[in-house]
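# Summary of structural features
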Amino acid sequence: MAASTPNTAPQVKKDRTHYLYIAVIVAVALGITVGLVAPDFAVELKPIGTGFVNLIKMMISPIIFCTIVLGIGSVRKAAKVGAVGGIALLYFTIMSLVALGIGLVVGNILDPGTGLAVTDAVKDVGHAQVDAEAKDTTEFLLGIIPTTFVSAFTEGEVLQTLLIALLAGFALQAMGPAGAPVLRGVEHIQRLVFRILAMVMWAAPVGAFGAMAAVVGSAGVDALKDLALLMVGFYITCFLFVIIVLGALLRIVAGLNILTLFKYLGREFLLILSTSSSESALPRLIAKMEHLGVSKPVVGITVPTGYSFNLDGTMIYMTMASLFIADAMGTPMSIGEQIPLLLFLFVASKGAAGVTGAGMATLAGGLQSHKPALVDGIGLIVGIDRFMSEARALTNFAGNAVATVLIGTWTKEIDRERVDQVLAGHLPFDEKTLLDHDDETPAADIPEQGGEKELAKA
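Every chain begins its residue count from 1, and numbering advances along the sequence as written. Local features are withheld for residues below a pLDDT of 70 in this predicted model, meaning they are given only at 70 or higher, and side-chain atom pairs are given and counted only at 80 or more; totals for whole chains, interfaces and linings count all residues. Side-chain numbers here rest on the full set of heavy atoms in the structure, without hydrogens or water.

## Section: the overall build of the protein
Worth spelling out the cut-off: In DSSP terms, a helix is any run of H or I states spanning at least four residues, a strand is any run of E spanning at least two, and both are numbered starting from the N terminus. Classification of residues uses two cut-offs on accessible area relative to the type maximum, computed with a 1.4 Å probe and protein chains only: under 20% is buried, over 50% is exposed, and between them is partly exposed. Whether two residues are in contact is decided by their heavy atoms: any pair within 4.5 Å suffices. Per-residue accessibility takes into account occlusion by the displayed protein chains alone, with areas from the Shrake-Rupley method and a 1.4 Å probe.
In terms of regular secondary structure, the protein is built from 24 helices and zero strands. Burial analysis of the protein (458 residues in total) assigns 54% to the buried set. Of the contacts formed within the protein by residues at least 6 apart in sequence, a portion of 85% connects residues at least 24 apart. Carbon and sulfur atoms make up 66% of the accessible area of the protein, which totals about 19500 Å².

## Regarding the packing of aromatic side chains
Centre distance and the angle of the planes are the two values used to describe a pair of aromatic rings. The condition that has to hold: Between rings of Phe, Tyr and Trp, where Trp is taken as its six-membered ring, a pair exists when centres lie within 6.5 Å; planes separated by under 30 degrees are stacked, by over 60 edge-to-face, and by other angles tilted. Note on criteria: charge over ring means Lys NZ or Arg CZ within 6 Å of the ring centre, with the direction from the centre no more than 35 degrees off the ring normal.
Summed over all chains, the structure comprises six aromatic pairs. With a centroid separation of 6.1 Å and 65° between ring planes, the pair formed by Y91 and F92 is classed as edge-to-face. One aromatic cluster is present, built from ring pairs that chain together Y91, F92 and W410. One residue, K288, lies across the ring of Y264, its end atom 4.8 Å from the ring centre. In this arrangement the basic side chain of R392 is found over the ring face of Y317, its NZ or CZ atom lying 4.1 Å from the centre.

## Digging into the packing of helix α16 (residues 282-292) against helix α22 (residues 416-423)
We apply this condition: To define axes, lines are fitted to C-alpha atoms, for helices over the stretch in contact only, and angles between the resulting N-to-C directions are given on a 0 to 180 degree scale. The residue classification treats Ala, Val, Leu, Ile, Met, Phe, Trp, Tyr, Cys and Pro as nonpolar and Asp, Glu, Lys and Arg as charged. All others, Gly included, are polar.
Closest axis-to-axis distance for the α16/α22 pair is 8 Å, and the angle between their directions is 115°. Contacts from E290, H291 and L292 of α16 reach α22 at R418, V419, V422 and L423. Taken together, the residues that form the contact of α16 with α22 break down as four nonpolar, one polar and two charged.

## With respect to the packing of helix α4 (residues 46-73) against helix α10 (residues 180-200)
Under the convention used in this document: When an angle is under 35 degrees it counts as roughly parallel; over 145 it counts as roughly antiparallel; between 65 and 115 it counts as roughly perpendicular; any other value is oblique. Here is the rule for handedness: rotate from the far helix to the near one, and if that takes an anticlockwise turn smaller than a right angle the crossing is left-handed, while a clockwise turn gives right-handed.
Viewed as axis vectors pointing N to C, α4 and α10 meet at an angle of 155°, and their least axial separation amounts to 9 Å. Judged by the inter-axis angle, α4 sits roughly antiparallel to α10. Both α4 and α10 take part in a crossing whose hand is left-handed. Between α4, through F52, L55, I56, M59, P62, I63, C66, T67, V69, L70 and G73, and α10, the contact on the second element is made entirely by L183, V186, E187, I189, Q190, V193, F194, I196, L197 and V200. Across the contact of α4 with α10, the residue classes break down as 17 nonpolar, three polar and one charged.

Here it is, written out as structure tokens:
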């Protein structure tokens, strides 16, 4: 009998997707090599990287919609959802101000821009960035409202999709059992969308190769030497912010080690590193946070909102870049001049998406509004913006992952036993479907149960 025991054990399917991420690492190395050896050819490869990021971005709106509708529609207490949103926005505001302050201190200590020359070509590049998509606060707020119900999905605006999903979720919540068939349909659509995303991810090595080759080919090594201090200072500041500030918060509030959480999200960090876009990992962050044990409503509200309102890396970047440009232009700003500019950038950054270039466009718009003379210096950082964009995107992603766990803990919408099991590797994430196999409860039954277990207790 003892000999037959091993045969009765369930067969666990081997996860072969790790080969995909090994391929991504190889592709990044090849991209860097091609960029150094044949820079002109490498620059022509940029559309490959752009195409892959666009494939991911086309999935973001349907994933956000399904996640939020299922999360909110299955909860009876609308006040609970409002409480999650309120706590999230308060936390995002505080952390953005902390990131702003850290960038301010480090930027004043490093003083990296002194002595750089600003040519006419550099000035032209700076003004071109202002003409690119700088938006004031009013335009940003009005832009949250889509032209039509459907345009929220076709225009790829995260906040527009978030608004429509919230309205649909609360409407289904109010409908009660009558809305169950709609919830069931949305649940099936979510499974389809995640399956498509899993298929798209197999193109990641090709996209990573094209993106890295284009970056290295266009910037080169020599172009980075004069700006190395700013780059290194920015990377170190982001690293310390994540490890010390976010790590301490996660340990104190949730009792978790931030390195353990980041190990669980290792593939997402690699994806962001290869594409320089935190949006490329947004769908996977939603799926992984739910798998970790955070309730659907918390994930559905915190993650998409955080991608527009919790941009810690962008705040540090805009602070240090502003001081760098002011020093390079020979017009260093006093603390009295720095604070009003940075508070404006704090508000303006809330519209900056996690895509390459959005941070620079916002920075250009802020300088144009408060100190137009500094716009000429934007061109100084164009050459290294892509490299800084990677640290910016990684920091933004890390901030939103930590925020989801913290807000889940504060609202008691997190299964701590499951969190420990997942982080210990006992409950592996399903890379093929991006959904839990135990999440098979028909949507029609959800309103009767009051939603997630944690919400039922609340």
